[in-house]
There are 4 protein chains.
Amino acid sequence: MPVTTGRKSFGSDNHAGAHPEVIRAITDANAGDSVPYGDDEWTRRATAELTAAFRGREALFVFNGTAANVLGISLLLRPHEAVICAESSHLNVDECGATERVLGSKLLTVPTPDGKLTPELVASRLPGRCDVHRVQPRVVQIAQVTELGTCYSLEELNELGEFCRTEGLYLYVDGARLANAAAYLGCDLADLAAAADVLSFGGTKNGALAAEAVIVMRRELAGSGPFYRKQQMQLGSKMRFMAAQFAALMEDKLWLRGAQHANAMAARLAAGLAGVPDVTIRYPVQSNAVFAALNPPRIAALQREWTFYTWSESEHVVRWMTAFDTTEADVDSFVEAIRGIRAS
Amino acid sequence: MPVTTGRKSFGSDNHAGAHPEVIRAITDANAGDSVPYGDDEWTRRATAELTAAFRGREALFVFNGTAANVLGISLLLRPHEAVICAESSHLNVDECGATERVLGSKLLTVPTPDGKLTPELVASRLPGRCDVHRVQPRVVQIAQVTELGTCYSLEELNELGEFCRTEGLYLYVDGARLANAAAYLGCDLADLAAAADVLSFGGTKNGALAAEAVIVMRRELAGSGPFYRKQQMQLGSKMRFMAAQFAALMEDKLWLRGAQHANAMAARLAAGLAGVPDVTIRYPVQSNAVFAALNPPRIAALQREWTFYTWSESEHVVRWMTAFDTTEADVDSFVEAIRGIRAS
Amino acid sequence: MPVTTGRKSFGSDNHAGAHPEVIRAITDANAGDSVPYGDDEWTRRATAELTAAFRGREALFVFNGTAANVLGISLLLRPHEAVICAESSHLNVDECGATERVLGSKLLTVPTPDGKLTPELVASRLPGRCDVHRVQPRVVQIAQVTELGTCYSLEELNELGEFCRTEGLYLYVDGARLANAAAYLGCDLADLAAAADVLSFGGTKNGALAAEAVIVMRRELAGSGPFYRKQQMQLGSKMRFMAAQFAALMEDKLWLRGAQHANAMAARLAAGLAGVPDVTIRYPVQSNAVFAALNPPRIAALQREWTFYTWSESEHVVRWMTAFDTTEADVDSFVEAIRGIRAS
Amino acid sequence: MPVTTGRKSFGSDNHAGAHPEVIRAITDANAGDSVPYGDDEWTRRATAELTAAFRGREALFVFNGTAANVLGISLLLRPHEAVICAESSHLNVDECGATERVLGSKLLTVPTPDGKLTPELVASRLPGRCDVHRVQPRVVQIAQVTELGTCYSLEELNELGEFCRTEGLYLYVDGARLANAAAYLGCDLADLAAAADVLSFGGTKNGALAAEAVIVMRRELAGSGPFYRKQQMQLGSKMRFMAAQFAALMEDKLWLRGAQHANAMAARLAAGLAGVPDVTIRYPVQSNAVFAALNPPRIAALQREWTFYTWSESEHVVRWMTAFDTTEADVDSFVEAIRGIRAS
């Protein structure tokens, strides 16, 4: 599927390129020699900025989101312990079984109406603790933003965190789109991290080339991280270039500005479709994604000109995503196209 | 260990930054939207160039050298099968047990005088085939260039390949510095690949930011590759930026020019030390590395001003590496320093 | 939970001891020396009997049911491939994540009304084939008898097998209670195996001490089996004693006589409860298990005198199991107790 | 290789059958119903006897020696940690890579003259601690008796234990033939365990059918054991029959009497060969094994009538093992045969 020439893709935020500031930071970091594997000034500075912003203990750069999830979870599990997660989670559906393969750990999945776990849903997977025939639930994994574009409120996060602490569980947050959640909730990164033990902070979907950070919130969990990262094949030798990407994102909160803009474009898209017959917004629009149901011929007609994915064939649901570089004009043209195809 | 200001590092070829052409290619690839995960023009073109150059069947980009080795080997092994490799190999020593952890596979190590396997050395690990208590040797892993800076001649490679075919073994080549071998031997990449079933082709140590390629030489081995890469957390979403790095390296054989230069600088360094008393070159200089034995106070004095690693504390051996951007002046100053410290 | 003195346990068929014939066979096999690891006459004979009875290619003894499932499935999967199974399956619920840990493989679970998979249920997990982000379904795992005591008819088995062949899937059958299925269906072991690629045949729940067999139905799958068994820690050195257990079970079809009897005792129990108010049989009684719903105080009162498990606390469902050595008098006393407690 | 009729096998102690007392204990345990999975009186009693004899914290039964090693080591390792062991160890050579496969852990092997590790040999594998590219040594694994039939003295054991504590390492002892070591050293099981963190205690080679025990010496290591055992497919449902085997071995120290006898028979064999030209005893005879070098035609001639293994083809070394049921007459006939074949 090539992106239609001359038209902005609404396929995913990773269809976008890199933010020019990210490219500039990489270019700037390309200045002479540097010791590799993270023992350099760029990495030290970017790491310090991240740990400060999250009020965390350690930040570890990795190459992609699957690796961030696997590394983050690996800090929290012993061999007989398992992860409770939403059935629809990226971890369960879209990582080709990396958690099972690399960690040998089982996922205990829970169906959810909107991609979000609640204490009640988590509790439904807790029976069997202390039974030697059962894996022992130890990590609750959530995504903020979820795969369905929804956000946990700070109250929901804290309630879940409290529940985990009471039950002796860890909370891991897949933050591939954490920036969009912060933008939607109007809160700090530290607010989003307060309930978590480990979380990821995505760079790639928000303007980086290929960089994610794993943020470790508790000192006693941080020690093994560098070893696990190496073993999990995520230690970059020229790490200054990964650090530079995050340095650019942290500079004047570029991460936030990009996410705010992307969210605003999704809201504009949703607003533009209000009242259009036979286009039903499927989940609350709380980030940079709009899920909508519309009839299949209309989907097909639109996809001849515009780039986006069908999320559920059986329910005729499509996903439209915006990015840091989606313009108002892009959205308006797309809205017009959707409306126009309806008319025909 | 910071790199001493104003002095070229002789610590490793990954102390160097990226080649300006690589940065330019990344910048050029940052043009609008593109479908992710490799289904784009940049990836298609770079992949085609690599498979043509190697006369291979498939090229898969990954983020670092450990990942290239693990992915490459994973295409060749069943669970009860094992890898024969040199005791001194990067695979065995410097990858934090990634092969054992991610693949669950055992390494059968062989001591070698110069980092190179021979049919005889491989044969020493073959007894026990068909014995159900033993892992079954299946892959012979070599590095070209080896960890000790030495190269296999084409005759040696072909002899090893022939031996492997006769014995029902696969040959995997860790080519993190394959470019330096091609430069030293004056041969094509296809010549280096002819005996191999799978090999890696390093970009990072030769001017890329973070990109390696796994080259699959046999069609029947290629099918699982994309799945294994994803599962092993090496599928980049904005893959055009990985492809762009290799596109730059392939352009007018930048990979070869960089490696030829690096090799020439190592040769110049070795030549400059000829006749210097108490500095003994340890292995044949056949790439961009010079291993030398010298006395510990002299090592210590040099390391106060220059950046390089001690390879063996017990044998007083150091490793000096050159890169695509090491200059003749860098080498000459370093030679002078080594000679000077001797004089004092 | 000790078994109440003087009262037959209805807790599980593994509460029973070993069949006296099994003990006798072990005693008989204890005659002088023998080569270990299965290269002995006892193993050869028992293996031959099993492969003949199943019309299979290979039979491998292992120590328990979890090991049989893991070994059987390991013969069928590559690293990126997954197992479709019932959510309620022993494999998913009661093996402490052994498949994920030892094989690194993901289970794709399906909710079922009665523990049984159908082509339609399997088909619900097939979308995503060829998508590199998804594990690729490869094995359909069923249990015959299921965890809920139900049996697949031969028609259902063959339909499922046909579906698997059409879809390029393998069929693995967990036969921990295969004997009970054969007894219920009145068919041969070969009939039960006809649709399967690999299956297990349980000894332990049917009178053995600790022995299960993995039956491999296709020659091309058999070669790795002995190596995988050893690696999976299931190769017994004094294997004649495992073989002797199966030899006893195969002698005059002791396995069938024991299963027929156990099934008859479950049927007698179910029949004895017909018409008892407030005791609802939950699933069709098709083996040696009776699941029944009754009110919690009654459950509690019964459990003070009799040994059995509550299957679902929330639904007040208990499981009563019979064994090869349950007597008619045991059943009648238990029926009387159930009726009596109702009366009080 | 069948065992020659009418002649005692000197192939291995697992060529012997089970001790009649073991069979009797199994028969006695076959008395009515019992709760499974170790929650029974037989298991409680046997476990209590073992923990008392070792002054340990927990005893876990498993089915074979490979499983005992894997379970024992799994209690001691995190993912990036490794095992230092002798190159000749059963763990490294004869377990088909189970440690790498099931635990994902690397073995750091050390060549040894006699199968025994020393603090110096262990220290040779310690460089690289804290280096993120290297696996981190954490467990020192020794076998008592070693694969070469030699024993560590109590002084050697304690010295090694002391070294491990100083270096932050755990000590694991593979005790498949621990009974023979106790018999040779004239010490208690607790003496052998004093320096260890976890060890195994073999039953199978000393008269059991199929039972080994993993002894955990420190309380904080014991908690995960039952879960790991289940996940590693070693939890027997009718565990009373495993416990009964150890109950028989512990009764009046049957384990010691059997081992003393086997050792005495090996000593008699070695003594009987003293002065026989061209038969060279290879290692000190400190258990129930005699390794000897003799010329190949003589080996071939002997193997036509007697059962034993060639240990090293290249060095013409054979291994002769005795068992609890080897008689003086067996040894004397064998000695005569060896002498006779020399004469011819």
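Residues numbered from 1 in each chain as written. Chains lettered and ligands numbered in written order. Predicted model: local features only at pLDDT ≥ 70, side-chain atom pairs only at ≥ 80, totals over all residues. Heavy atoms only, no water.

Caption draft 1: The arrangement of the overall build of chain A in detail. Looking only at helices and strands, chain A features 15 helices and eleven strands. Each principal axis of the C-alpha distribution contributes one length, and for chain A these read about 60 × 55 × 35 Å. For chain A, the proportion of its 344 residues judged to be buried stands at 65%. Taking the contacts inside chain A whose residues are at least 6 apart along the sequence as the reference set, 73% of them involve residues at least 24 apart. When the accessible surface of chain A is split by element, carbon and sulfur atoms take 50% of a total near 11,600 Å². (Helix = DSSP H or I, 4+ residues; strand = E, 2+ residues; numbered from the N terminus. Buried < 20%, exposed > 50% of the residue type's maximum accessible area, 1.4 Å probe, protein only. Contact = heavy atoms within 4.5 Å. Areas by Shrake-Rupley, 256 points an atom, 1.4 Å probe, with all protein chains shown as cover.)

Caption draft 2: Here's a closer look at the relation of the copies chain B and chain C. Rotating chain B by 180° and translating it 0.0 Å along the rotation axis places it on chain C, where the RMSD comes to 0.0 Å. Here the transformation between the copies is reduced to the relation of a two-fold axis. Among all C-alpha atoms of chain B, that of arginine 78 of chain B lies closest to the rotation axis, at 4.2 Å. Take the interface residues of chain B: 100% of them recur as interface residues in chain C, which is what a same-surface contact looks like. (Least-squares fit on C-alpha atoms with pLDDT ≥ 70 in both.)

Caption draft 3: Spatial organisation of the nonpolar core. Formed by 194 residues in total, the largest nonpolar core has its most connected members in Leu50, Phe54 and Phe201 of chain C together with Leu50, Phe54, Leu117 and Phe201 of chain D. Sequence-distant contacts of leucine 117 of chain D, defined by excluding residues within four places in its chain, comprise Ile84, Cys85, Ala86, Val110, Thr112, Val122, Val140, Gln141, Ile142, Tyr152 and Leu160 of chain D. One finds Phe163 of chain A together with Leu75, Ala183 and Met242 of chain B within the second-largest nonpolar core, a separate group that totals 192 residues. (Core = buried A, V, L, I, M, F, W, Y, C linked by side-chain atoms within 4.5 Å.)

Caption draft 4: Up close: the relation of the copies chain C and chain D. The two copies are related by a screw motion: chain C maps onto chain D through a turn of 180° and a shift of 0.0 Å along the axis, at an RMSD of 0.0 Å. Here 100% of the interface residues in chain C have copies in chain D that are interface residues too; the copies meet face to matching face.

Caption draft 5: Representation of the side chain of serine 312 of chain C in the model. Residues and elements named next belong to chain C. If you trace the backbone, serine 312 turns up in strand S10 (residues 309-312). Among the residues examined, serine 312 registers a relative accessible area of 13% and is labelled buried. Within the structure, the side chain of serine 312 is placed 3.0 Å from the backbone nitrogen of glutamate 315, a separation counted as a polar contact. (Polar contact = N/O pair within 3.5 Å; in protein donor to acceptor, adjacent residues only side chain to side chain.)

Caption draft 6: Highlighting the environment of alanine 208 of chain A. You can see alanine 208 of chain A is positioned in the loop between strand S6 (198-202) and strand S7 (212-216). The spacing of alanine 208 of chain A and valine 35 of chain A is 173 residues in sequence and 22 Å in space, taken between C-alpha atoms. Those residues in contact with alanine 208 of chain A that lie beyond four places of it in its chain are Ala18, Val22, Gly203, Gln245 and Leu249 of chain A together with Lys238 of chain B.

Caption draft 7: Inspection of helix H12 (residues 240-250) of chain B at higher detail. Residue and element names in this part refer to chain B. Most of H12 is tucked away: ten of the eleven residues are buried. Within H12, burial applies to Arg240, Phe241, Met242, Ala243, Ala244, Gln245, Phe246, Ala248, Leu249 and Met250. Looking one or two places after H12, you find aspartate 252, whose phi comes out positive at around 50°.

Caption draft 8: Expanded view of the environment of glutamate 212 of chain C. All names here are of chain C. With respect to the secondary-structure elements, glutamate 212 resides in strand S7 (residues 212-216). Through-space distance from the C-alpha of glutamate 212 to that of asparagine 64 is 5.8 Å; in sequence the pair is 148 residues apart. Excluding anything up to four places from it in sequence, glutamate 212 contacts Leu60, Phe61, Val62, Asn64, Gly65, Ala68, Ala176, Phe201, Gly202, Gly203, Thr204 and Phe246. One polar contact links the side chain of glutamate 212 to the main-chain amide nitrogen of glycine 203, over a distance of 3.4 Å. A polar atom in the side chain of glutamate 212 sits 2.6 Å from the side chain of threonine 204.

Caption draft 9: Quick look at the interface of chain B and chain C. Taken residue by residue, the interface counts 17 residues in chain B and 18 residues in chain C. Per-residue buried area on chain B facing chain C is highest for Val132, His133 and Phe227 of chain B; these three make up 39% of the total on that side. Linking chain B with chain C are zero salt bridges. Scanning the region where chain B abuts chain C turns up four residue pairs in polar contact (both at pLDDT 80 or more). Looking at the side of chain B that touches chain C residue by residue, the classes come out as eight nonpolar, five polar and four charged. (Buried area = accessible area lost by both parts, 1.4 Å probe. Salt bridge = Lys/Arg side-chain N within 4 Å of Asp/Glu carboxyl O. Nonpolar A, V, L, I, M, F, W, Y, C, P; charged D, E, K, R; others polar.)

Caption draft 10: Representation of empty space enclosed by the protein in the model. Going through the model one piece at a time under the given rule, you end up with 14 cavities of 30 Å³ or more. There is about 270 Å³ of room inside the largest cavity. What lines the largest cavity is a set of 23 residues, and nearest its centre among them are Gly65, Thr66, His90 and Lys205 of chain C together with Tyr37 of chain D. Of the residues forming the lining of the largest cavity, the biggest block, three residues, is contributed by helix H3 (residues 65-74) of chain C. Looking at the lining of the largest cavity residue by residue, the classes come out as seven nonpolar, nine polar and seven charged. By volume, the second largest cavity amounts to about 200 Å³. If you go around the second largest cavity, you meet 16 residues; those closest to its centre are Asn92, Leu107 and Thr109 of chain B together with Leu107 and Thr109 of chain D. Taken together, the elements giving at least two residues each to the lining of the second largest cavity come down to strand S3 (107-110) of chain B together with strand S3 (107-110) of chain D. By residue class, the composition of the lining of the second largest cavity is four nonpolar, four polar and eight charged. (1 Å grid on protein atoms, 1.4 Å probe; cavity = no way out; pocket = protein on both sides within 12 Å on 5 of 7 lines; lining within 4 Å. Points joined across faces, edges and corners; volume = space filled by probe spheres on them.)

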